[in-house]
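Fold and contact review
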Number of protein chains: 2
Amino acid sequence: MRIALDAMGGDRAPHEIVRGAVEAANKLKDITCVFLVGDKVVVNAELMKHPKVNMDRLKVVHAPEAIGMDEAPAQAVRKKKNCSISICMEMVKGKEADAMVSAGNSGAVATSAVLTLGRIPGVTRPAIATALPTRLPTRPTLLLDAGANTDCDAAWLAQFAVMGVAYSQVVLKRPVPVVGLLSIGSEDGKGNEMTKKAFHLMQKIDVSFHGNVEGSDLFMGGMDVVVCDGFVGNAVIKTAESVAKAVGYWMKKEFFLDPVRMFGALLLKGALQTLKSRMDPEIYGGAPLLGVPGTVFISHGSSTHRAIYHAVIAAAAAATNNLTDTITKRIAAMEAMITGQ
Amino acid sequence: MRIALDAMGGDRAPHEIVRGAVEAANKLKDITCVFLVGDKVVVNAELMKHPKVNMDRLKVVHAPEAIGMDEAPAQAVRKKKNCSISICMEMVKGKEADAMVSAGNSGAVATSAVLTLGRIPGVTRPAIATALPTRLPTRPTLLLDAGANTDCDAAWLAQFAVMGVAYSQVVLKRPVPVVGLLSIGSEDGKGNEMTKKAFHLMQKIDVSFHGNVEGSDLFMGGMDVVVCDGFVGNAVIKTAESVAKAVGYWMKKEFFLDPVRMFGALLLKGALQTLKSRMDPEIYGGAPLLGVPGTVFISHGSSTHRAIYHAVIAAAAAATNNLTDTITKRIAAMEAMITGQ
């Protein structure tokens, strides 16, 4: 597997990105090449900081431009043809890379993906699918759309469900993924105008539809796929991060208040480490953009080298399975089912 | 202050409601009467379980009907004229009670409030305002709408902001409440169609508007009031509860794994109790329904006696201040400001 990595994207680029790439190239046997795409002077200077780099499996690809985190996505992608994101995307299109990963401007990644790769036939809008840790260690919940589409049609949500199920089966190896529709009550009639329409569509299509679920069900671990519009998905994910951070802040503050407590915290060191790793979003590394013909992973803007390392693993896992074909077939079957043909 | 309490509403009614009422009547000096509204046989049987009840300050008001948690709100309120919720509302309208509290069907409470009390002039839709604990112990964030309106107009969000600011000043005693608009990025242009329109309106009205905020800002403690549509608000609040619960579950599991850890947890007992109380939504007791001419508090369906006790305190605090007048004046001023008259 050859992974094109946007060296310039993210709040901690290029330092953390390069470090993650070096770790991936040094440690991961099935990664034949990590392409570090970015300003070659900057990237090479970063590489110099690492004593051991497996240069057989790490190549620098020059990109003269980069898109900032705060730039308007569509304009930036159109203006900066030679930005690191677009060059990664061209490498995927030209089969020079099997997948791409960026922790940069997520709107720009999604825009560039659609402009360069197009859409899988029948998919109206690609969606970002984020894996959320749940109470069940081996069963994350895939939430989509996590922010690519701020205003959604009910029909798009049905497509999100089909794409999420395909990813859950093919990549996460869930045999029969259970699908929930994010709403404000678990009863059938609850929701807003859009989700009520989506509910009826979801009953018609070939997915294991559980019905409405609430925000409170997300981390309980019963759902494999939960669909919602990108505005709600983004708000929910950021809220969850915020709560986890606030709890971590309070714990640190309380646990180190006096020597007795500090000793208690020392005895619980292992437990606290387990807790931290259970709540750690970085182990999922990145979120696939589903609905484009190619493997595109979007990592969190604040990604550290660990997140990048895990994103390379996840992108490689996605690329080895023929997800595009599966989604293409299922979207076509879904359309036939809804129209009754 | 006289509080009408729906004894039949909530997942743990009547037991926990009656217990909370008894505690309020026994302990709170400025509560002259708690009216327990519900089936008198059931309520009296519950009261018998308590050895000490201050019956000078606790009265049972018979309500022959009750609305279930899963009933369709509008239909149920119209059909069951003598339900506990509606009788509480009539007591507020007739000035027999200064405020009402219900942990029952929140849709039914909102519907009954509008049908019985009407709306404050100029208010299109009343909203539920939920106080969220933040990293700053004395500065919760008031989030509205928390679920009364699933599909919102931008103009309603501007009204929510004005009502939230009034509540924050008059009841929570924040001198100049800072207002955020919940969106999917902090930059000005980010959001969905509705929030983009709301953003422009918010700039025109007389509130201290900070701009867009994200889910990740909610628990950081910088915002006094955050507005959003009721679908998003509900999803965000339930997600936050879910994360807090999952963290609690993991902590319990890890901290009691072996004797060494158990000893560590024992040393941290005080810290863990502080942590628990910091994350405890029950200390806020209930959420005011803002926009109706009367003090109406909606408590969580899972409320225990503690939540009910705190809701009585909060409702009394709201009723002592002339919030309705403040909201009436400010909504009128807002309309004048937007239309430029």
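Above this note sits the structure.
Bear in mind that the values here come from a model prediction, so they are computed numbers and not experimental data.

Comments concerning the relation of the copies chain A and chain B
With an axial shift of 0.0 Å and an RMSD of 0.0 Å, the rotation relating chain A to chain B amounts to 180 degrees. Overall, the copies show the geometry of a two-fold rotation axis. For chain A, the residue whose C-alpha comes nearest the rotation axis is A:Gly264, separated from it by 2.0 Å. Both copies present the same face, since 100% of the interface residues in chain A are matched by interface residues at the equivalent positions in chain B.

Focus: the packing of helix H9 (residues 259-267) of chain A against helix H9 (residues 259-267) of chain B
Look at H9(A) against H9(B): their axes get within 7 Å of each other, and the N-to-C directions meet at 155 degrees. Considering the angle they form, H9(A) stands roughly antiparallel to H9(B). For the pair H9(A) and H9(B), the crossing hand works out as left-handed. Along the contact surface, H9(A) presents A:Val260, A:Arg261, A:Phe263, A:Gly264 and A:Leu267, while H9(B) presents B:Val260, B:Arg261, B:Phe263, B:Gly264 and B:Leu267. Here the contact of H9(A) with H9(B) is composed, by residue class, of six nonpolar, two polar and two charged.

Some points on the environment of B:Val37
Residue and element names in this part refer to chain B. Considering the arrangement of structural elements, one finds Val37 in strand S2 (residues 33-38). Val37 sits 252 residues away from Leu289 along the chain, and the two C-alpha atoms are 19 Å apart. Beyond its immediate stretch of four places on either side in the chain, Val37 contacts Leu5, Asp6, Ala7, Met8, Val61, Ala63, Ser84, Ile87, Cys88 and Met91.

Some thoughts on the sheet that holds strand S3 (residues 58-62) of chain B
All names here are of chain B. Pairing within the open sheet is mixed, and its 11 strands lie in the order S3-S2-S1-S4-S11-S10-S5-S6-S9-S7-S8. Among the strands making up the open sheet, the edge pair consists of S3 and strand S8 (208-213). Looking at each pair of strands side by side, their axes are set apart by 25 degrees on average, direction ignored. Direction of pairing for strand S7 (residues 178-182) relative to strand S9 (residues 225-227): parallel, over a ladder of three bridges. Across the sheet, residue Val179 finds its bridge partner in S9, namely Val225.

Quick notes on the nonpolar core
Ranked by internal contacts, the top residues of the largest apolar core, which has 114 residues, are A:Met100, A:Val296 and B:Val296. Ranked by residues supplied to this core, first place goes to helix H8 (residues 230-255) of chain A with 13 residues. Here B:Val296 is in contact with B:Met89, B:Met100, B:Val109, B:Ala113, B:Leu117, B:Ala287, B:Pro288 and B:Leu289, once residues within four sequence places are set aside.

Things to note about the sheet that holds strand S4 (residues 99-102) of chain A
The pairing of strands in a sheet comes from backbone hydrogen bonds and takes either a parallel or an antiparallel form. Residue and element names in this part refer to chain A. Reading across the sheet, the 11 strands line up as S3-S2-S1-S4-S11-S10-S5-S6-S9-S7-S8 and stay open at both edges, with mixed pairing between neighbours. Each end of this open sheet is capped by a strand with a single partner; those strands are strand S3 (58-62) and strand S8 (208-213). Ignoring which end each strand starts from, the neighbouring axes of this sheet average 25 degrees apart. Direction of pairing for strand S1 (residues 2-6) relative to S4: parallel, over a ladder of three bridges. Bridging from a neighbouring strand, Leu5 pairs with Val101 of S4. On the sheet, H8 packs against strand S5 (127-132), strand S6 (141-144) and strand S7 (178-182) and is oriented at approximately 135 degrees with respect to S6.

Cut-off values and rules
Residues numbered from 1 in each chain as written. Chains lettered and ligands numbered in written order. Predicted model: local features only at pLDDT ≥ 70, side-chain atom pairs only at ≥ 80, totals over all residues. Heavy atoms only, no water. Least-squares fit on C-alpha atoms with pLDDT ≥ 70 in both. Contact = heavy atoms within 4.5 Å. Axes fitted to C-alpha atoms, helices over the stretch in contact; angles between N-to-C directions. Helix = DSSP H or I, 4+ residues; strand = E, 2+ residues; numbered from the N terminus. Parallel < 35°, antiparallel > 145°, perpendicular 65-115°, else oblique. Left-handed = near helix turned anticlockwise from the far one by under 90°. Nonpolar A, V, L, I, M, F, W, Y, C, P; charged D, E, K, R; others polar. Pairing = 2+ DSSP bridges. Core = buried A, V, L, I, M, F, W, Y, C linked by side-chain atoms within 4.5 Å. Buried < 20%, exposed > 50% of the residue type's maximum accessible area, 1.4 Å probe, protein only.

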